[in-house]
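Read off the chains here:
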Amino acid sequence: MKGVYTIGLLVVSNLFMTFAWYGHLKLQEAKVISNWPLYAVILFSWSIALAEYACQVPANRIGFQGNGGPFTLMQLKVIQEVITLIVFTLFSTLLFKGEGLHWNHFAAFLCLILAVYFVFMK
């Protein structure tokens with residue numbers, strides 16, 4: 001179950017992270033925060049990033065083998081990167097209509113699948 005909790009927390013963490021890093025661009029495009037000064041946008045993003053860390057840190061503690069979890073440090077990082085790119089791909093293609101997927105994106109995803117395979121290979 002620790003593996004399931006870890007991956008679930010990493011997914012939630014990446015949802016917050018992606019919105020903290022890129023959501024302000026969509027909010028600016030929608031004229032919600034278009035007049036905000038940069039420091040206000042940074043503080044807004046940091047407040048969202050705090051929620052991201054509140055999920056990321058427990059995910060790593062629960063999932064790490066050194067704490068009784070199922071994953072090595074390298075496996076945790078690769079899992080996190082794959083989740084990040086999946087969440088970002090969904091975010092960018094659904095919310096930013098001009099961003100499309102091309103053949104090279106699929107080639108990169110294939111490389112990520114291979115990275116997961118190799119990092120879990122004994």
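Structural data are supplied above this passage.
Now for a quick tour of the structure.

Here is what the cut-offs are and how they apply
Within each chain, residues carry numbers counting from 1 in the order of the written sequence. The model is predicted, so local features are restricted to residues of pLDDT at least 70 and side-chain atom pairs to those at 80 or more, both for listing and for counting; the totals for chains, interfaces and linings are taken over all residues. For the side-chain quantities, the full set of heavy atoms in the structure was used; hydrogens and water were omitted. Secondary structure follows DSSP: runs of H or I at least 4 residues long count as helices, runs of E at least 2 residues long count as strands, and numbering of each begins at the N terminus. We call a set of buried Ala, Val, Leu, Ile, Met, Phe, Trp, Tyr and Cys residues a nonpolar core when their side-chain atoms join them within 4.5 Å. Classification of residues uses two cut-offs on accessible area relative to the type maximum, computed with a 1.4 Å probe and protein chains only: under 20% is buried, over 50% is exposed, and between them is partly exposed. For this analysis, residues touch if any pair of their heavy atoms sits within 4.5 Å. Every angle, taken between N-to-C directions, lies between 0 and 180 degrees, and every axis is a line fitted to C-alpha atoms, over only the stretch in contact when it is a helix. Here the angle decides the label: under 35 degrees means roughly parallel, over 145 means roughly antiparallel, 65 to 115 means roughly perpendicular, and every other value means oblique. We call a crossing left-handed when the near helix sits turned anticlockwise from the far one by less than a right angle, and right-handed when that turn is clockwise. Only Asp, Glu, Lys and Arg are considered charged in this grouping, and only Ala, Val, Leu, Ile, Met, Phe, Trp, Tyr, Cys and Pro are considered nonpolar; every other residue, Gly among them, is considered polar.

The next point concerns unusual backbone geometry. With phi around 65°, Lys31 is a residue other than glycine that occupies positive phi space. Note on placement: Lys31 falls in the loop between helix 1 (2-29) and helix 2 (38-63).

Of all hydrophobic cores here, the largest spans seven residues; its members are Leu10, Ala59, Phe71, Leu76, Ile79, Ile83 and Val87. The dominant element in this core, judged by the number of residues it contributes, is helix 3 (residues 73-95), at four residues. Not counting the four nearest positions on each side in its chain, Ile79 is found in contact with Ile7, Leu10, Phe71 and Phe120.

Helix 2 packs onto helix 1 with a crossing angle of 165° between their chain directions and a minimal axis gap of 8 Å. Regarding the angle of helix 1 to helix 2, the classification is roughly antiparallel. Helix 2 is crossed by helix 1, and the crossing has left-handed handedness. Grouping the constituent residues of the contact of helix 1 with helix 2 by class yields 18 nonpolar, seven polar and two charged.

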